[in-house]
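# Fold and geometry: a report
Chain residues, written in single-letter form:
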Amino acid sequence: MDTSCNEYKEYRECMDYLDFSNISIFLAYNVNVDAIKYYTSGKEIQNLIERYGEDDIIEKYNEYPRKICNPIDYIARLIHAMANGKPAEVPLLDDENLNKWFDNFKYDEERMGGQVGIIANLLSILRTKKVIAYSPILSKKQAEMFVDNDNLVYPSVVDGNLVLKKPIESYKENDPLKINRIFEYKEGIEFKLGDKHIITPIANRFIVASRPDKLRLEIKEDLKEKLPEIGEQIDCAIFSGYQGIKEKYSDGKTYEYYFTKAEEDLDLLRQKNKKIKIHLEFASIQNINLRKNIINRILPKMDCLGMDETEVGNLISTMGYEELGQKIIKDSKMEDVVEASKIIMETYPNLELLQVHTLYYILVMCKKDNPLTTKQLKKILELATILAATKAKLGEISKVSDLLKGLTVPHNKYNELFKSIVDNLQKEEKYKNYKIVATPSRLVDVPKSTVGLGDTISSGAFVGYVSLLKEANKK
Ligand SMILES: Nc1ncnc2c1ncn2[C@@H]1O[C@H](COP(=O)(O)O)[C@@H](O)[C@H]1O
Ligand SMILES: O=P(O)(O)OC[C@H]1O[C@](O)(COP(=O)(O)O)[C@@H](O)[C@@H]1O
Ligand SMILES: [Mg+2]
């Protein structure tokens, strides 16, 4: 490559911001296999509609099922997602026949999935000092999907001692495998439902998330005792996957039990190291009761929060701001997202950084006295857009130099507009105690895939933040 070209200079500058070699991180809880099917034309959707009956699908479409209990629920929610072009994830009933029905699709590829799986591989490739990735189950196939680097380890307890070994040396022969089905669709796919003529407005993904009864979102007792020791070895942590908690399990345990455990995990991790920064990656949580529990019990223990536009809309609606939430889900206007962010930060003063990624912009809000400058925050967001564009283009980021591909994707056309919105908001009296920083996305027109882009953005921005904070605190 010509090292005197602008692209290379930008790449070098980006690399200066991408020095994660001073950061050790703990990740919990969700890892799975993403089985991905690409819908490339409306014909397949039209066939599904004909096969399962248009009237029944329309009825379900209007009902808006929050759990997939049969093929019609699936088709109805898939159509919703495709019509809006918004990211969506719906849990699947844990039922053998339904799983068999989903197995009948021809999946185009299998990939590492789940916030922990995606983030662990990314941060390992980006040369983070140490990545300790935990999930309650680790089968051989799952372990093989982790990148085989020395900086990526899985925690176990052997003879009463904490042992950090590569995932491939840590799997358990009888552990089950969790598979989520991902339905990716392109922009411009056309089909009809009743009198609706649907054209997908943008490429996006619809996730059918498995919720096996056997999988419990928790850190097993022996390892839990070691959390204070893990805490001493890390600078930060990302917790995710709470959307996988079920209200009730076959042995009578309930969500209350698992949320209590989850709260304990966070306290234990911080027990001997109060400086750790902890990020929550929010997700699509269909069940309102579970969403409330995540908000009321987990959010107050977090330092940083990351979410997409639908998730911020759902979060703020659940906090009682229904109208604002609906507006954000529909239009994702920056002014509304900033208003919601302020409400969230005021309600949860423990939050020092809030990050929202939308199709057209990525935004952070923090308190005015945050030690990082606006310029530094902007650079972190810039890095996040390059990571997202690279993954959107290639499907996977396999090496640092792949980021050159992301750099060739220009910012979208709303750069000046976003800049003036942020400048105006920042002048408003009500935001005088906050820093608001935004950058336009580098939108890939025809992405290879979109699943995992949010995890990529959030982890890149969060670790970039912690890394710069660590440097700033040294001075
Ligand atoms: N086609 C795309 N090119 C670049 N970046 C994209 C593209 N589509 C989506 N994005 C970004 O990824 C997040 C998705 O976040 P989720 O948490 O996975 O919903 C989106 O907000 C864009 O910033
Ligand atoms: O809720 P679950 O079953 O843990 O699954 C989370 C899903 O979200 C993902 O982590 C992707 O998230 P994003 O697209 O928001 O980055 C998938 O890989 C995974 O299938
Ligand atoms: Mg996401």
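Residues numbered from 1 in each chain as written. Chains lettered and ligands numbered in written order. Predicted model: local features only at pLDDT ≥ 70, side-chain atom pairs only at ≥ 80, totals over all residues. Heavy atoms only, no water.

A separate point is the packing of aromatic side chains. How two aromatic rings sit relative to each other is given by the distance of their centres and the angle of their planes. Under the criterion given, the structure shown has 23 aromatic pairs. Judged by centre distance (5.1 Å) and plane angle (85°), the ring pair of tyrosine 74 and phenylalanine 102 falls under edge-to-face. Of this pair, tyrosine 74 sits in helix H4 (residues 71-84) while phenylalanine 102 sits in helix H5 (residues 96-103), and the two are 28 residues apart along the sequence. Residue tyrosine 74 shares its accessibility class with phenylalanine 102, and that shared class is buried. An angle of 85° between the planes, with centres 5.5 Å apart, marks the rings of tyrosine 360 and tyrosine 414 as edge-to-face. Of this pair, tyrosine 360 sits in the loop between strand S15 (353-357) and strand S16 (361-367) while tyrosine 414 sits in the loop between helix H16 (403-407) and helix H17 (415-427), and the two are 54 residues apart along the sequence. Looking at tyrosine 360, the relative accessible area reads 34%, which means it is partly exposed. Residue tyrosine 414 is classed as partly exposed on the basis of its relative accessible area, which comes to 30%. Each residue in the set Tyr39, Tyr52, Tyr74, Trp101, Phe102, Phe105, Tyr107, Phe183 and Phe206 is aromatic and connected to the rest through ring pairs, giving one cluster. (Phe/Tyr/Trp six-rings, centres within 6.5 Å; stacked < 30°, edge-to-face > 60°. Helix = DSSP H or I, 4+ residues; strand = E, 2+ residues; numbered from the N terminus. Buried < 20%, exposed > 50% of the residue type's maximum accessible area, 1.4 Å probe, protein only.)

Our focus in this paragraph is the UniProt feature "active site" (unreviewed entry) in the chain. Summarizing the sequence annotation, UniProt attributes the feature "active site" (unreviewed entry) to Asp455 in the numbering used throughout. On the basis of relative accessible area, aspartate 455 is assigned to the buried category, the value being 8%. Once residues within four sequence positions are removed from consideration, aspartate 455 is found in contact with Gly114, Gln115, Ile118, Ile119 and Glu281. (UniProt positions renumbered as here; feature names shortened; annotations may be inferred. Contact = heavy atoms within 4.5 Å.)

Before going further, it helps to spend a moment on the sheet that holds strand S7 (residues 161-165). Two orientations exist for strands paired in a sheet by backbone hydrogen bonds: parallel and antiparallel. Across the sheet, 10 strands lie side by side as S7-S6-S5-S1-S12-S13-S14-S15-S16-S17; this open sheet has mixed pairing. A single partner strand is all that each edge strand has here, and the edge strands are S7 and strand S17 (434-440). Neighbour-to-neighbour, the strand axes of this sheet turn through a mean angle of 20°, independent of strand direction. Across five bridges, the pairing between S15 and S16 is antiparallel. Paired with leucine 353 across the strands is cysteine 366, a residue of S16. (Pairing = 2+ DSSP bridges. Axes fitted to C-alpha atoms, helices over the stretch in contact; angles between N-to-C directions.)

Let's shift gears to the environment of lysine 391. By the secondary structure assignment, lysine 391 is in helix H15 (residues 374-394). A sequence separation of 351 residues divides lysine 391 from threonine 40, and the C-alpha atoms of the two residues are 19 Å apart. Engagement of the side chain of lysine 391 in a polar contact is seen with the side chain of glutamate 396, the distance being 3.3 Å. (Polar contact = N/O pair within 3.5 Å; in protein donor to acceptor, adjacent residues only side chain to side chain.)

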